[in-house]
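Breakdown of the fold
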Amino acid sequence: MNGVVQGLQALSPDGIRRFFLGRNSADTLSPDALRLVEDELTEDLSIADFFVSRCSRFADHPALTNLGRTLSYRQLERMSRDFAAYLQNDTPLKPGDRIAIQLPNLLQFPVAVFGALRAGLVVVNTNPLYTAQEMRHQFTDSGAKALVVLANMAHRVEEIVDDTAIETVIVTQVGDAHAAPRRMLINSLLRHVKKMVPEYNLPMAISWTQAMNRGAACSFAAVQRTPDDLAMLQYTGGTTGVAKGAMLSHRNLLANMHQARRVLSDISAPGAEIAIAPLPLYHIYSFTLNCMLMLDAGNHVVLVTNPRDLPAFVRELRRWRFTLISGINPLFYALCKQPRFQELDFSALRITLSGGMALSPDVARSWREITGCSVIEGYGMTETAPFIAVNPPQAIQVGTIGLPMYGTEVKLLDDDGQEVPCGGMGELCVRGPQVMAGYWQQPRETALVLDKDGWLKTGDVVQIQDDGYLRIVDRKKDMINVSGFNVYPTELEQTIASHPDIDECVVVGLPDKRSGELIKLYVVARCRNLTVQVIREYCRERLVAYKIPSQVEFRTELPRSNVGKVVRRILRDEELSRRHCQGRRMEHL
């Protein structure tokens, strides 16, 4: 094994790119070579083993801070052990059972996740902003038998818990990870003054503090899990249909963490980083980065519970000489527009990571001008735990997603399933140790995206440049067909958004009898003087005729997902519903 790995490491950068790009069968890894790379990346560990070893190694280092309290690695290990002991001794849960965790960025989140994994359970990460209907689907689909939920959302659990297999409910309040005086102050303020905790009735529920106290009084027996055992069900696809649970093993998550560590190894020092974590930990991007990679190196993570409160977020940033921050394009854009943010001391900031959606060149430039730190853009999917490609910190190319992660093969396929030559565009397919086992209890859906050789179809249209860098063209499903011509929304949006009076824009394709589909543009303008005529003239100067939007609508804001992505589906569904209603009115005339 060592000989093969050393041989790979001895290749030149170009050789490594050619080896892993997989442009043809001669360049792809053999199954034996791929397994050797997987073994190097994962070792023979479960996440629980990994977690305990890092907490021991960095015991007295600060691990996590939230709302004014800091946990050391020693305290984090002890609290996760107490939670695991509670699950083992006071609940009917057995290794392999699923536990849903529905929390924002609080100290309770990593304690619950690592405690559950130490008890041998499978974690089902759940968005706290879910509606009761969305919760019902995820809990019943996963077969979750337990739930950790924030008190602010417990009233929704009351609506649907009888429709699920959940028997154990642990309710926590925002201040529960703090010592008694501060805990009572925070919880009373939110419940009685700000009225942020609706009344609920869950007779089977136990409070977080009760669970932790019971666990502290119990013994704990370590549970052995193998690298290929299921660790998480990470739900995805909710914006395109019914959400599916991506099955991520201990191997998937540990391998992707090690892949990411290789990228940052030259610019990051163990135990030296203060990382700001504004993105929710239940999102796989933030989890792998902030709960895995940062912990692996003994770094200090500052959890931001509500980054949408920008003034409060900036005040929190002022408290730290932070060295690393992760986010997505809308968050960086919003921060750059905050005058107080521009006044911060960025002298310690060395690493800015962007993912989740395309990074705008304008935002990248503004961030660099304000902070003095370039943005490292990467790309991934829930199904790959998540990182697939990233820009090398020493050679960032804005507008690309960089190079494939170590041990990751990529290839492009056309609509007929044939491989696309270098320079062409096709659907990106990836293979590597981070690729999921499939979708939970969805063999048909799994077969649509994952073949028997382990190649995953991403659904993204990509171009591979001559230097090996990957450039996302668009989502395959978002492609608009205008009179037989393919139009990629992201490419179009980038061109139109360069107008100085446009703040944001998004385009969608709508059914059209004459052309098959037409392009509708939604615009958030920076000034009131911007008109449809001005936008169309701007487009005519820069776009071929069939790419010019047929319809333009001004909006004050665009619909977004929980992590800030603009959701095209919502705009498209609104327009189709409007058309349907208009048609119904015409029928009655």
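Right above here is the structure, for reference.
Before going into details, it helps to say that this report is about the structure given with it. (Residues numbered from 1 in each chain as written. Predicted model: local features only at pLDDT ≥ 70, side-chain atom pairs only at ≥ 80, totals over all residues. Heavy atoms only, no water.)

Quick word on the side chain of T400
- Among the secondary structure elements, T400 is positioned in the loop between β15 (387-390) and β16 (403-404).
- Classification of T400 by relative accessible area gives buried; the value is 1%.
- One polar contact links the side chain of T400 to the main-chain carbonyl oxygen of Q397, over a distance of 2.8 Å. (Helix = DSSP H or I, 4+ residues; strand = E, 2+ residues; numbered from the N terminus. Buried < 20%, exposed > 50% of the residue type's maximum accessible area, 1.4 Å probe, protein only. Polar contact = N/O pair within 3.5 Å; in protein donor to acceptor, adjacent residues only side chain to side chain.)

Considerations on the packing of aromatic side chains
- Summed over the entire model, instances satisfying the criterion amount to 10 aromatic pairs.
- Aromatic side chains F322 and F346 sit 6.3 Å apart centroid to centroid with 90° between the ring planes, which places their arrangement in the edge-to-face category. Separated by 24 residues along the polypeptide, F322 in the loop between α13 (310-318) and β12 (324-327) and F346 in the loop between α15 (339-342) and β13 (351-354) bring together distant segments of the chain. For the pair F322 and F346, a shared accessibility class is recorded, and that class is buried.
- Among the aromatic residues, those joined into a ring-pair cluster are F322, F332, F341, F346 and W367. (Phe/Tyr/Trp six-rings, centres within 6.5 Å; stacked < 30°, edge-to-face > 60°.)

A look at the sheet that holds strand β20 (residues 470-475)
- If you trace the four strands from one edge of the open sheet to the other, you get β17-β18-β19-β20, paired in antiparallel fashion. Strands at the two margins of the open sheet, each flanked by one partner only, are β17 (409-413) and β20. Between one strand and the next, the sheet's axes are offset by a mean angle of 45°, whatever the strand orientation.
- Relative to strand β18 (residues 425-431), β17 runs antiparallel, the two sharing five bridges. Considered in β18, the bridge of E409 is made with R431. (Pairing = 2+ DSSP bridges. Axes fitted to C-alpha atoms, helices over the stretch in contact; angles between N-to-C directions.)

Details of helix α5 (residues 73-90)
- With 18 residues, α5 should reach 26 Å at 1.5 Å per residue; the first-to-last C-alpha distance of 25 Å fits that figure.
- Every buried residue belonging to α5 is among Y73, L76, M79, S80, D82, F83, A84, A85, Y86 and L87, and all of these are buried. (Expected span 1.5 Å × (residues − 1).)

Topic: unusual backbone geometry
- Put simply, A385 and P386 share a cis peptide bond, and its omega is 0°.
- When you line up the elements, P386 lands in the loop between β14 (375-380) and β15.
- Despite not being glycine, L67 shows a phi value in the positive range, around 50°.
- Summarising the element assignment, L67 is placed in the loop between β1 (62-66) and β2 (69-72).

What to know about the pattern of salt bridges
- Per the stated rule, a full pass over the model turns up 31 salt bridges.
- Residue D503 pairs with R526 through a salt bridge whose shortest N-O separation is 3.4 Å. Note that D503 is positioned in strand β23 (residues 502-512) and R526 in the loop between β24 (516-525) and α19 (532-540), a separation of 23 residues in sequence.
- Residue E575 is joined to R579 by a salt bridge in which the shortest nitrogen-to-oxygen separation is 4.0 Å. Of this pair, E575 and R579 both sit in helix α20 (residues 568-588), four residues apart, roughly one helical turn.
- According to the relative accessible area criterion, E575 is buried, its value standing at 7%.
- A single salt-bridge network, built from bridges that share partners, covers K520, E553, R555, E574, E575, R578 and R579. (Salt bridge = Lys/Arg side-chain N within 4 Å of Asp/Glu carboxyl O.)

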